[in-house]
Amino acid sequence: MENYTKLKELVASIEADADKFFNNGNAAAGTRVRKGLQEIKTLAQDIRNEVTAKKNDGK
């Protein structure tokens with residue numbers, strides 16, 4: 001559950017940069033959004049692995 005909380009915080013942290021990029025065309029903000037999305041991807045995969053492991057342990 002700890003990683004899920006981190007995931008929610010990470011999504012919230014890139015919101016301002018996403019707004020700057022999509023609404024104002026700020027290229028630097030776009031770079032930060034891409035970096036944040038890569039971190040989200042990695043964290044989401046970690047969460048998937050945890051869920052699978054926990055599900056398989058229950059059998």
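Predicted, not measured: the structure shown is a model, and the values here were computed from it.

1. A look at the overall build of the protein
Within the protein, the regular secondary structure consists of 3 helices and 0 strands. Counting from the amino terminus, helix and strand elements in the protein follow one another as α-α-α. Seen along its three principal axes, the alpha-carbon backbone of the protein occupies a region of about 50 × 15 × 10 Å. Here the protein has roughly 4800 Å² of accessible surface; of this, 54% comes from carbon and sulfur atoms. The centroid of the 11 positive side-chain charges in the protein is displaced by 5 Å from the centroid of its 9 negative side-chain charges.

2. Comments concerning helix α1 (residues 2-13)
Its 12 residues place the ends of α1 17 Å apart at the C-alpha level, agreeing with the 16 Å of an ideal helix rising 1.5 Å per residue. Every buried residue of α1 is accounted for by N3, L7 and L10. Looking down the long axis of α1, one finds its buried residues gathered within 65° of arc, a one-sided arrangement. Along α1, exposed side chains directed more than 90 degrees from the buried face belong to E2 and E9. Residues of α1 that are buried in the fold lie against α3 (27-57).

3. A word on the packing of α1 against α3
Orientation of α1 relative to α3, taken along the N-to-C sense of each, is 160°, at an axis distance of 10 Å. Classified by the angle between their axes, α1 and α3 sit roughly antiparallel to one another. In this structure, the crossing between α1 and α3 has a hand that is left-handed. Along its contact with α1, which presents N3, Y4, K6, L7, L10 and V11, the element α3 presents G36, E39, I40, L43, D46, I47 and E50. By residue class, the composition of the contact of α1 with α3 is 7 nonpolar, 2 polar and 4 charged.

4. What to know about the pattern of salt bridges
Evaluation of the coordinates by the stated rule reveals 3 salt bridges. Between E2 and K6 there is a salt bridge; the shortest N-O distance is 3.5 Å. Residue E2 and its partner K6 are located together in helix α1, separated by 4 residues, close to a single helical turn. The shortest N-O distance in the salt bridge between K35 and E39 comes to 3.5 Å. Of this pair, K35 and E39 both sit in helix α3, 4 residues apart, roughly one helical turn. When its relative accessible area of 56% is taken as the criterion, K35 is described as exposed.

Definitions and cut-offs
Residues numbered from 1 in each chain as written. Predicted model: local features only at pLDDT ≥ 70, side-chain atom pairs only at ≥ 80, totals over all residues. Heavy atoms only, no water. Helix = DSSP H or I, 4+ residues; strand = E, 2+ residues; numbered from the N terminus. Areas by Shrake-Rupley, 256 points an atom, 1.4 Å probe, with all protein chains shown as cover. Lys, Arg positive; Asp, Glu negative; His and termini not counted. Charge placed at Lys NZ, Arg CZ, Asp CG, Glu CD. Expected span 1.5 Å × (residues − 1). Buried < 20%, exposed > 50% of the residue type's maximum accessible area, 1.4 Å probe, protein only. Arc of directions from axis to C-beta. Contact = heavy atoms within 4.5 Å. Axes fitted to C-alpha atoms, helices over the stretch in contact; angles between N-to-C directions. Parallel < 35°, antiparallel > 145°, perpendicular 65-115°, else oblique. Left-handed = near helix turned anticlockwise from the far one by under 90°. Nonpolar A, V, L, I, M, F, W, Y, C, P; charged D, E, K, R; others polar. Salt bridge = Lys/Arg side-chain N within 4 Å of Asp/Glu carboxyl O.

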